[in-house]
Amino acid sequence: MSDTTEGYALPVDLVPTPTREYNLVSAHEGAIRQTFRPAITFSATDISDLTTEAPQALPLPLPLPKPLPLPFDFSSRMLVFKQDPTVTEIGVRKVLVRGLTTTGPRNSRIQLQGVAPVAPNSMNDFIQSPGTEGFDAVHTFAVVQQTLVMAQRAAGATIKWQWNSTTNTDPINVSPRAGITMNAFYSRNEKALKFFQFAKPGAPAPAPMIFTCRSLDIVAHETGHAILDSLKPGWIGASSNPQTGALHEAFGDLTAIFLALSQLDQAEALIVLTKGNLHNKNFLSSMAEEFGPALGRDNGLRNADNDKKMSEVSSEVHDLSQVFTGGIYDVLADMFAHDRNLSKEDEALTLVQTGRYLYSLLLRGIQGAPAANATFANVVNQMLTITAADGKPVEYRNFLRNHFTVRQVVVSPTPLTQDFKGKAELMAVNHPHLTVQASGLQDRSRCCGTMRLREYQTDESMFEEELKMLRKGIGGTSK
Ligand SMILES: [Zn+2]
């Protein structure tokens, strides 16, 4: 991977469309050919043969069947990194982004900032060379858009940004080159997703630059924060119990995993790599280490395939989030093993479908959880109820109950060998991280830039003492 902005030549199979110049020349040559094409003349015999030998047309049925109208095609092809560019199994791929996309790229929900606008070619496609600023702009736009589309399909509804209302339809501002620092974050105040770049730590000078926007994981993770902040605006502040913050961080990591799983070619690559055992070490659960520091992690970004229990983690929010992320990953592995039927269906297709269902279940479970101070147990109980209402097999509920019981999130009143029956809520195991911390704020020291952002570290209630004094003050408008 080049770390310069000059880029490198695209492989032939990734240059999908004729250029504007090609179209112009082609049209011109066509016009010239037409000029010289001889006219075809028919003799009287020819015409007679045609009329006598032509098959008789059947009478048209009335009324005429109406063809299905096709919508005007506003779609654009774009190139993105499938995974971050340091993972060698998966490289650059083409994606089709539906809907109207204009120069930027920009659509009604997403606009780019701080980079030169990229214009579409004559086919309305955005094809840039990897390693360039233009490629990064298109890639970042496409991944944010894919993440939003995935969440909207899972929720079965359009998902607003946190600031949107009936009178505010402002898009989110996405900066793929936000500056030089080891960070990436979502900011509600700035209505923005910001991706920074930094020199590779420990590399001999001149150290190559690591661009956080090039990591599908980081872009999906931060977009996950933006989506969750819209669904649950009361969850992002640091003054609630640590599990609420951990749900935010876990949702970011799980969004990245489910986005990868939503793509059939990635699911196929994963099946081949792991021989169908999702607990084999793979790019889905562990990621390139060099991107880790950008999210404040000392190892790779994904640590989903872990065995951490509540008694083994601290109250630090990222540490805590691994229990929830790991539990959902275990449920994914079990659901996939349950759903797989090799005699009926290709397992990569099964994996895509299982992932899609579990992501939808997670999103709806979050929607049903309390607006403030939510706990892991709240979300797990919602998921248990929803999957029963969906008419899914009891095994799905067994997987949820068993993994979150083993991880000491909930207590099961019945043995784990018995089926989960009834609608009883599972009680949460009483942990110190179920209550607001003595300091009043969560410990987010190992979280990503979003969770460490100053705007989420305060709460209006923290100003209450000062506001009391203000109300007793003099001056102002007396009323
Ligand atoms: Zn995060």
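Position labels on residues start from 1 in each chain and follow its written sequence. Local features in this predicted model are restricted to residues whose pLDDT is 70 or higher, and side-chain atom pairs enter the listing and the counts only when it is 80 or higher, whereas totals over whole chains, interfaces and linings include all residues. The side-chain figures draw on all heavy atoms in the structure; neither hydrogens nor water molecules are used.

### Considerations on the confidence of the model for the protein chain
For every residue, the predictor assigns a confidence score, pLDDT, that lies between 0 and 100. Overall, the predicted model of the protein chain reaches an average pLDDT of 82, with 78% of residues at or above 70. Mean pLDDT values over the elements of the protein chain span from 53, in helix H2 (residues 44-53), up to 98, in strand E4 (residues 172-175). Working rule for contacts: check all heavy atoms of both residues, and any pair within 4.5 Å makes them a contact. Contacts from residues 1-6, a stretch scored under 50 in pLDDT, to residues over four places away or in other chains number 17 contacts. What counts as a helix is a DSSP run of H or I of at least four residues, what counts as a strand is a run of E of at least two, and both are numbered from the N terminus.

### Observations concerning the sheet that holds strand E3 (residues 110-112)
For two strands to be treated as a pair, DSSP must find no fewer than two bridges joining them. Taken in spatial order, the four strands make up an open sheet running E3-E4-E6-E5, and their pairing is mixed. What marks the edges here is a single partner per strand, and that holds for E3 and strand E5 (184-187). In this sheet, neighbouring strand axes are inclined to one another by 20° on average, regardless of whether the strands run parallel or antiparallel. Across three bridges, the pairing between E3 and E4 is parallel. Paired with Ile110 across the bridge in E4 is Ile172. The axes are straight lines fitted to the C-alpha atoms, using for helices just the contacting stretch, and the angles between their N-to-C directions are given from 0 to 180°.

### Focus: the pairing of strand E6 (residues 192-195)
When accessible area is computed with a 1.4 Å probe and restricted to protein chains, residues below 20% of their type maximum are described as buried, those above 50% as exposed, and intermediate ones as partly exposed. Burial of the side chains of E6 extends over both faces: Ala192 and Lys194 are buried on one face and Leu193 and Phe195 on the other. As paired strands, E4 and E6 are joined by three bridges and run parallel to one another. Across the sheet, Val174 pairs through a bridge with Leu193, a residue of E6. Two strands pair when backbone bridges link them, and E5 and E6 are joined in this way by four bridges, in the antiparallel orientation. Paired with Phe185 across the strands is Lys194, a residue of E6.

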